[in-house]
Amino acid sequence: MSQAIIFGSSRSFGKTRAVVDALLSPSNTNFFDLNAYAISPFDYDHANRDDDFIPLIEKLLTFDTWIIATPVYWYNMSTQHKLFFDRFSDLLTIRKDLGRQLKGKKLFVIASFGDSYPQGFEDTFKQICDYLGMRYLGSCFFYSGSANQEYLTNNATQARLVGERLSITTP
Ligand SMILES: Cc1cc2nc3c(=O)[nH]c(=O)nc-3n(C[C@H](O)[C@H](O)[C@H](O)COP(=O)(O)O)c2cc1C
């Protein structure tokens, strides 16, 4: 099973990246830091069609499983990821040929948070998958603070779940 890590944080080497490095040992070939790509906000006129979004999607489509790695910012995914997902609208309009290839791709979410894991955080990802015919594998969430013993204990459980959920290969 081929896996791409799609990483988006306001800092490329912060707490979310530390979680990804510890759990998944990313290589240069399967790790995509959204900070390295010029992805502008969705444009109804598609004047941004030549930025880095479409070439990035073409590369990602060569992988079976997409692992979204994001910090929680204000109860939601990072801005880098929101920009990325907004541009999926291009795949339903000017590049339907690519959009059709999303069907059957698997999506897994790794989140890091520093206060409390937000209610309904996963819902957006589940609904995106339902809408596009992608298969949602679930999420794991990691506490990056130091004060909450219950959350710190939970990190080890979550780490085990990453391995289990990513080993799901059946269609
Ligand atoms: C702008 C901003 C908003 C945040 N909002 C939340 C939040 O809503 N809930 C939470 O638990 N932590 C929140 N945090 C804490 C981060 O989720 C946490 O520190 C995370 O591990 C940071 O990862 P990073 O180093 O990749 O940015 C926020 C941090 C920032 C900078």
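Above this text you will find the structure in question.
Throughout, residues of each chain are indexed from 1 in the direction in which the sequence is written. Given that the model is predicted, a residue must reach a pLDDT of at least 70 before its local features are reported, and side-chain atom pairs must reach 80 or more before they are shown or counted; all residues, however, enter totals for whole chains, interfaces and linings. Values reported for side chains reflect all heavy atoms of the structure, with hydrogen atoms and water molecules removed beforehand.

Q: When you look at the sheet that holds strand 5 (residues 135–143) in this model, what are you seeing that I'm missing?
A: Sheets are built from strands paired through backbone hydrogen bonds, the pairs being either parallel or antiparallel. Paired strands are those between which DSSP finds at least two bridges. Here a helix means four or more residues in a row that DSSP labels H or I, a strand means two or more in a row labelled E, and each is numbered from the N terminus. Spatially, five strands are ordered 2-1-3-4-5 in an open sheet, and the strand pairing comes out parallel. The open sheet is flanked by strand 2 (31–33) and strand 5, the only strands paired with a single partner. Ignoring which end each strand starts from, the neighbouring axes of this sheet average 20° apart. Of the pairings in the sheet, the one linking strand 3 (residues 65–71) to strand 4 (residues 106–113) comprises seven bridges and is parallel in character. For Trp 66, the partnering residue across the bridge sits in strand 4 and is Leu 107. Any two residues whose heavy atoms approach within 4.5 Å at even a single point are treated as in contact. Here the axes come from fitting lines to C-alpha atoms, over the contacting stretch only for helices, and the angles between their N-to-C directions go from 0 to 180 degrees. Contacts between helix 6 (residues 149–166) and the sheet are confined to strand 1 (3–7), strand 3, strand 4 and strand 5, with strand 5 contributing the most and set at about 155° to the helix.

Q: What am I meant to see in helix 3 (residues 79–86) here?
A: Owing to its 3.6 residues per turn, the α-helix aligns residues three or four sequence positions apart on the same side. Any residue under 20% of the maximum accessible area for its type is buried, any over 50% is exposed, and the rest in between are partly exposed; the area is computed with a 1.4 Å probe on protein chains only. Every buried residue of helix 3 is listed here: Gln 80, His 81, Phe 84 and Phe 85. Buried positions in helix 3, seen along its axis, are confined to an arc of 125° and lie on one side of it. On its buried face, helix 3 is in contact with strand 1, helix 2 (53–60), strand 3 and helix 5 (123–132). What the arc measures is the spread of directions leading from the helix axis to the C-beta atoms.

Q: Is there a simple way to think about the site of the ligand in this case?
A: Near residues are defined by distance, with any heavy atom within 4 Å of the molecule or strand qualifying the residue. Taken together, 16 residues are adjacent to the ligand, and Arg 11, Thr 16, Val 72, Tyr 73 and Ser 144 come closest. As used in this structure description, the phrase polar contact means that two N or O atoms lie within 3.5 Å; if the pair is within protein, one of them must be able to donate a hydrogen and the other to accept it, and residues adjacent in sequence are counted only when both atoms belong to side chains. In this structure, Ser 9 approaches the ligand through a side-chain N or O atom, which is 2.7 Å from an oxygen atom. Taking Ser 144, its side chain carries an N or O atom lying 2.7 Å from an oxygen atom of the ligand. Every accessible area reported is derived by Shrake-Rupley at a probe size of 1.4 Å, with residue values counting cover from the shown protein chains alone. Bound to the protein, the ligand loses 75% of the 640 Å² it would expose on its own. Of all the secondary-structure elements, those providing two or more residues to the shell around the ligand are helix 1 (15–24) and strand 4. Polarity classes work like this: nonpolar for Ala, Val, Leu, Ile, Met, Phe, Trp, Tyr, Cys and Pro, charged for Asp, Glu, Lys and Arg, and polar for all others, with Gly in that last group. The residue makeup of the shell around the ligand, split by class, is six nonpolar, seven polar and three charged.

Q: What is the right way to read the state of the cysteines from this model?
A: By definition, a disulfide links the sulfur atoms of two cysteine residues through a covalent bond. Disulfide assignment relies on a single distance test, namely cysteine sulfur atoms paired within 2.5 Å. For the structure shown, the criterion picks out zero disulfides. Of all cysteine sulfurs, the one in Cys 140 lies closest to Cys 129, which takes part in no disulfide; the gap is 15 Å. Cys 129 sits in the buried class, given a relative accessible area of 0%.

Q: How do you make sense of the side chain of Ser 78 when you look at a structure like this?
A: Looking at the secondary structure, you find Ser 78 in the loop between strand 3 and helix 3. Under the relative-accessibility criterion, Ser 78 is labelled buried at 0%. In this view, Ser 78 contacts Gly 8, Ser 9, Thr 70, Pro 71 and Tyr 73; residues no more than four positions away in its chain are not counted.

Q: Any chance you could explain the packing of aromatic side chains here in plain terms?
A: Between two aromatic rings, the relevant description is the distance of the centres plus the angle of the planes. Only centres within 6.5 Å qualify two rings of Phe, Tyr or Trp (six-membered ring in Trp) as a pair; their planes then separate them into stacked at under 30 degrees, edge-to-face at over 60, and tilted for everything else. By the definition in use, this model includes 19 aromatic pairs. For the ring pair Phe 7 and Phe 31, a centre distance of 5.6 Å and an interplane angle of 35° mean the geometry is tilted. A residue pair is termed long-range when its members are at least 10 positions apart, and Phe 7 in strand 1 and Phe 31 in strand 2 qualify at 24 residues. We classify Phe 7 as buried; its relative accessible area is 0%. Residue Phe 31 is classed as buried on the basis of its relative accessible area of 14%. Centroid distance Phe 85 to Phe 88: 5.1 Å. Interplanar angle 50°. Geometry classified as tilted. Accessibility classification places Phe 85 together with Phe 88 in one group, the buried group.

Fair warning: the whole summary comes from geometry, so function is off the table for now.
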